[in-house]
Amino acid sequence: MEQGDEASRLGSQVSPVTANSAMTHVRTPICEQLGITHPIFGFSHATDVVVAIAEAGGFPVLGLARELPEEIPHIIEEVETRLAGKPYGIDLMLPSKVPQEASIDSLKSALPPGHVDFVEGLRQRFDVAPPVKPSFFTTQVRSEALFERQIEAVLGSRARGVATAIGLRAELIAEAKRRGKLTFSLVGSVRHARKALDMGVEVLVAQGYDAGGHTGPVGTLSLLPQIVAMAGNAPVLAAGGIATGAQVLGCLGMGAQGAWLGTLWMAARENHTPPALLARLMASGSEDTLITRAHSGKPCRVVRSDWIDAWNTPEAPVPLGMPLQQVLVGDVFASMHERDDARLIYEAAGQSVFGIQGPTTVAAQMTQLVDEMDAAWSRLHTWVN
Ligand SMILES: Cc1cc2nc3c(=O)[nH]c(=O)nc-3n(C[C@H](O)[C@H](O)[C@H](O)COP(=O)(O)O)c2cc1C
């Protein structure tokens with residue numbers, strides 16, 4: 001995609017709002033329920049982004065699936081101090097079929113030699129240095145024992161919302177609700193959504209194929225109406241591929257009570273995105289993202305890099321499952337981020353990457369989204385006879 005074309009397309013959406021058609025404020029029932037100003041939900045792993053989204057009137061959701069378990073209590077404490085009572089949510093990824101307990105070292109011996117050789121070849125070809133700092137990707141394996149620690153921290157927090165992705169845990173949902181938390185589940189199909197509602201989940205996040213991160217095969221535009229139709233009174237949020245206020249308004253028109261965005265915030269200063277990764281995101285269009293199992297073992301939409309492309313060659317083995325693939329390549333992911341390696345660095349990113357035009361701030365992004373909702377509303381208004 002030509003970046004210039006994209007920029008002018010986005011620019012044309014931010015037309016001034018005429019007085020008689022001005023949309024004063026869109027506040028859906030879930031905004032009232034959560035005490036937020038805008039129907040914008042922002043997923044992020046970065047605490048500064050989370051704080052900034054809350055300050056800008058949205059509902060931030062802090063991803064804790066990649067944090068070292070011993071650091072989680074401090075992260076939560078810091079966020080809650082800085083939020084000073086503003087509502088926020090926490091998100092965990094809880095896949096089933098993971099080992100009860102495991103360490104990277106214990107699982108390394110289970111890696112197929114062909115995969116190990118392939119990755120070793122890539123390490124040499126790309127001159128990948130071992131990472132220096134300990135991180136989730138070099139020290140942790142997704143296991144039931146890890147999830148128990150994460151769940152305990154989340155339940156003990158003052159988070160108003162608890163979201164889960166990939167898997168569902170009945171006990172977590174019941175206990176979170178007992179403690180007055182609103183429960184969210186990211187769903188990629190009607191079947192997943194049915195399961196979540198049956199388990200007592202209160203808010204469905206319809207996350208389409210377009211989304212950054214782990215995602216299913218149905219596009220947001222097709223998924224959302226199906227989830228809205230089956231959700232009954234449960235609020236539905238739209239996720240995946242959303243980067244403009246016009247899209248947010250369109251989703252509200254389709255029955256969503258809000259939009260849940262992830263990729264866009266990586267352009268914000270508060271995300272501290274490594275410079276080479278930000279440059280890649282700025283240069284990338286929707287077609288530069290793809291779904292791969294090479295990151296985690298489960299289908300995950302990422303922005304392409306030489307590392308991701310190397311897994312799409314005929315000589316590449318089929319990626320392992322979760323959590324073994326991360327045992328195989330986690331240190332490389334950590335290394336490319338530590339070194340901000342311009343050739344290799346990638347991240348989960350959605351087709352919404354088209355909305356990343358340059359460095360910005362969360363406050364500016366929120367203003368732009370709201371202005372674009374207004375502009376889309378006035379455009380619609382001019383078409384009403
Ligand atoms: C860098 C990144 C990391 C993500 N990590 C998680 C995660 O840990 N848990 C989760 O539920 N969703 C995760 N997601 C998905 C988001 O929650 C959200 O559904 C998605 O970003 C929406 O699509 P968009 O990226 O097009 O805005 C991640 C997304 C990105 C971009």
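Being a predicted model, the structure only gives us computed values, none of them experimental.

**Student:** So what about the site of the ligand? Which residues, and what values?
**Tutor:** Surveying the vicinity of the ligand reveals 20 residues, the closest of which are D91, Q207, G241, T263 and S352. Within the backbone of G240, a nitrogen or oxygen atom sits 3.4 Å from an oxygen atom of the ligand. Within the contact set of the ligand, an oxygen atom lies 2.6 Å away from a side-chain nitrogen or oxygen of S352. The fraction of the free accessible surface of the ligand (600 Å²) that becomes covered by protein chains is 95%. When residues of the shell around the ligand are traced back to their parent elements, those giving at least two are β3 (89–93) and β9 (258–261). When the residues that make up the shell around the ligand are grouped by side-chain class, the tally is nine nonpolar, nine polar and two charged.

**Student:** How would you sum up the nonpolar core? Please name residues and give values.
**Tutor:** Counting 107 residues, the largest nonpolar core has L64, L204, I227, W265, W307 and W311 as the members making the most contacts within it. If near-sequence neighbours (up to four positions away) are discounted, W311 is found in contact with F118, V119, L122, A294, A316, P317, P319, Q325, L328 and V329. Listed in part, the 21 residues of the second largest apolar core include A165, L186, V205 and M322.

**Student:** Give a detailed account of empty space enclosed by the protein, specifying residues and quantitative values.
**Tutor:** Applying the stated criterion across every chain yields a total of one cavity of 30 Å³ or more. Approximately 30 Å³ is the volume attributed to the largest cavity. For the largest cavity, the full set of lining residues is F137, H295, Q326, V329, G330, F333 and Y346. Counting residues per element, the lining of the largest cavity draws most heavily on helix α15 (residues 324–338), which supplies four residues. For the lining of the largest cavity, the per-class residue count stands at four nonpolar, three polar and no charged.

**Student:** Residue-level account of the packing of helix α12 (residues 245–253) against helix α16 (residues 362–383), with values.
**Tutor:** Contact pair α12 / α16: the axes reach a minimum separation of 7 Å and the direction vectors enclose 60°. By the angle between their directions, the pair α12 and α16 is classed as oblique. Taken as a pair, α12 and α16 cross one another with a handedness that is right-handed. Touching G245, A246, V248, L249 and L252 of α12 are L369, E372, M373, A376, W377, R379 and L380, all from α16. For the contact of α12 with α16, the per-class residue count stands at nine nonpolar, one polar and two charged.

**Student:** How would you summarise the packing of aromatic side chains if you had to cite specific residues and measurements?
**Tutor:** Under the criterion given, the structure shown has ten aromatic pairs. Between F136 and F137, the aromatic rings sit 5.6 Å apart at their centres with planes inclined by 80°, giving edge-to-face as the arrangement. F137 matches F136 in its accessibility class, with the two residues each being buried. Ring geometry for F184 against W260: centres 6.2 Å apart, planes inclined by 45°, an arrangement best described as tilted. With F184 in strand β5 (residues 182–187) and W260 in strand β9, this pair connects stretches of sequence that are 76 residues apart. Grouping residues by exposure puts F184 and W260 together as buried. Aromatic rings pair up to connect F41, F59, F184 and W260 into one cluster. For R301, the ring lying beneath its charged end belongs to Y209, and the centroid distance is 4.6 Å.

**Student:** Please set out the environment of Y209 residue by residue, giving values where relevant.
**Tutor:** Mapped onto the elements of the fold, Y209 is located in the loop between β6 (203–207) and β7 (213–214). Through-space distance from the C-alpha of Y209 to that of C300 is 9.5 Å; in sequence the pair is 91 residues apart. Once residues lying within four places of it in the same chain are set aside, the contact partners of Y209 are T215, G216, P217, V218, G219, T220, I291, R301 and Q351.

**Student:** Residue-level account of the pattern of salt bridges, with values.
**Tutor:** One pass over the full model with this rule turns up twelve salt bridges. The residue D331 makes a salt bridge to R123 at a minimum N-O spacing of 2.9 Å. Of this pair, D331 sits in helix α15 while R123 sits in helix α6 (residues 113–125), and the two are 208 residues apart along the sequence. Overall, D331 belongs to the partly exposed group, its relative accessible area being 23%. Residue R179 pairs with E175 through a salt bridge whose shortest N-O separation is 2.8 Å. With a relative accessible area of 44%, R179 lands in the partly exposed category.

The rules we used
Residues numbered from 1 in each chain as written. Predicted model: local features only at pLDDT ≥ 70, side-chain atom pairs only at ≥ 80, totals over all residues. Heavy atoms only, no water. Near = heavy atom within 4 Å. Polar contact = N/O pair within 3.5 Å; in protein donor to acceptor, adjacent residues only side chain to side chain. Areas by Shrake-Rupley, 256 points an atom, 1.4 Å probe, with all protein chains shown as cover. Helix = DSSP H or I, 4+ residues; strand = E, 2+ residues; numbered from the N terminus. Nonpolar A, V, L, I, M, F, W, Y, C, P; charged D, E, K, R; others polar. Core = buried A, V, L, I, M, F, W, Y, C linked by side-chain atoms within 4.5 Å. Buried < 20%, exposed > 50% of the residue type's maximum accessible area, 1.4 Å probe, protein only. Contact = heavy atoms within 4.5 Å. 1 Å grid on protein atoms, 1.4 Å probe; cavity = no way out; pocket = protein on both sides within 12 Å on 5 of 7 lines; lining within 4 Å. Points joined across faces, edges and corners; volume = space filled by probe spheres on them. Axes fitted to C-alpha atoms, helices over the stretch in contact; angles between N-to-C directions. Parallel < 35°, antiparallel > 145°, perpendicular 65-115°, else oblique. Left-handed = near helix turned anticlockwise from the far one by under 90°. Phe/Tyr/Trp six-rings, centres within 6.5 Å; stacked < 30°, edge-to-face > 60°. Lys NZ or Arg CZ within 6 Å of the ring centre and 35° of its normal. Salt bridge = Lys/Arg side-chain N within 4 Å of Asp/Glu carboxyl O.

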